[in-house]
Amino acid sequence: MSANLQVSGLGRRGSRFAGVMDGRRKHHHHHHRRHEDFAVEGIQDAGRVLGAKFNNLRKRCKARRLVAAIRHCDARTIHELFGRHCRVVCFFKRPGYDCVKLSCSFDGGSAVVTFDICVRSLNTGCGCGCGNGFYGGNGFL
């Protein structure tokens, strides 16, 4: 249900009160034409791609693969799950957790998203040199 507001007979456009709108959003298109901000497209691309990747993790088999890959410092499997946009920066531990830091680049590098994923540790150790906090010694895959 929508309601139109009339104030003192001024009509829809003549309202004297700040914040009173006619149900339509005010959008300033002229700002978009003046300056193309490629970071905006990069962030939209990041949202679309990462949203699809995390939505894919709703499948139990994919989530299980990710958890095992983090616990075993398996960068190859993580790359398969997150795709070409993302790379493993390092594996590390927090008290009680095994973690991976991912860096994902979008729209030709106009936006970069870096985030950590941590899973509860089984205290078995990964046996791949994760103790130093890095994969391969230099922090890059």
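The model shown is predicted, which means the values in this text are computed figures rather than measured ones.

Analysis parameters
- Residues numbered from 1 in each chain as written.
- Predicted model: local features only at pLDDT ≥ 70, side-chain atom pairs only at ≥ 80, totals over all residues.
- Heavy atoms only, no water.
- Core = buried A, V, L, I, M, F, W, Y, C linked by side-chain atoms within 4.5 Å.
- Buried < 20%, exposed > 50% of the residue type's maximum accessible area, 1.4 Å probe, protein only.
- Helix = DSSP H or I, 4+ residues; strand = E, 2+ residues; numbered from the N terminus.
- Contact = heavy atoms within 4.5 Å.
- Disulfide = S-S within 2.5 Å.
- Pairing = 2+ DSSP bridges.
- Axes fitted to C-alpha atoms, helices over the stretch in contact; angles between N-to-C directions.
- Salt bridge = Lys/Arg side-chain N within 4 Å of Asp/Glu carboxyl O.
- Phe/Tyr/Trp six-rings, centres within 6.5 Å; stacked < 30°, edge-to-face > 60°.

## Some thoughts on the nonpolar core
- Grouped together as the largest cluster of nonpolar side chains are 22 residues, with contacts concentrated most on Leu-66, Ile-78, Phe-82, Val-100, Leu-102 and Ile-117.
- When contributions to this core are tallied by element, the ones reaching two or more residues are helix H2 (38-56), helix H3 (60-71), helix H4 (75-82), strand S1 (86-94), strand S2 (97-106) and strand S3 (111-120).
- If sequence neighbours within four positions are ignored, Ile-117 has contacts with Phe-54, Leu-66, Ile-70, Phe-82, Asp-98, Cys-99, Val-100 and Leu-102.

## Focus: the state of the cysteines
- Going through the model one piece at a time under the given rule, you end up with two disulfides.
- Across the disulfide, Cys-86 is cross-linked to Cys-104 (sulfur-sulfur distance 2.0 Å). Judged by the torsion about the S-S bond (105°), the Cys-86/Cys-104 disulfide is right-handed. Placement of Cys-86 in strand S1 and of Cys-104 in strand S2 is noted, with a sequence separation of 18 residues between them.
- Classification of Cys-86 as buried rests on a relative accessible area of 4%.
- The closest cysteine sulfur to the non-disulfide-bonded Cys-90 is located on Cys-99, 9.2 Å from its own sulfur.
- Classification of Cys-90 as buried rests on a relative accessible area of 8%.

## Focus: the sheet that holds S3
- Spatially, the three strands line up as an open sheet ordered S1-S2-S3, and their pairing is antiparallel. The open sheet has two edge strands, S1 and S3, and neither has a second partner. The average angle at which neighbouring strand axes cross in this sheet is 20°, direction not considered.
- Here eight bridges tie S1 to S2, and the two strands are oriented antiparallel to one another.

## Things to note about the pattern of salt bridges
- Following the criterion strictly, the structure yields five salt bridges and no others.
- Asp-45 is the salt-bridge partner of Arg-48, the closest N and O atoms lying 2.8 Å from each other. Taken together, the residues Arg-48 and Asp-45, both in helix H2 and three residues apart, mark about one turn of the helix.
- Since its relative accessible area comes to 14%, Asp-45 is described here as buried.
- In this structure, Lys-101 engages Asp-116 in a salt bridge whose closest nitrogen and oxygen atoms are separated by 2.9 Å. Taken together, the residues span a long stretch of sequence, with Lys-101 in strand S2 and Asp-116 in strand S3 at a distance of 15 residues.
- Each member of the salt-bridge network shares a partner with another, and the members are Arg-94, Lys-101 and Asp-116.

## A look at the packing of aromatic side chains
- One pass over the full model with this rule turns up three aromatic pairs.
- Aromatic side chains Phe-54 and Phe-82 sit 5.6 Å apart centroid to centroid with 70° between the ring planes, which places their arrangement in the edge-to-face category. You can see Phe-54 sitting in helix H2 and its partner Phe-82 sitting in helix H4, a full 28 residues away along the chain.
- Using a relative accessible area of 38% as the deciding quantity, one classes Phe-54 as partly exposed.

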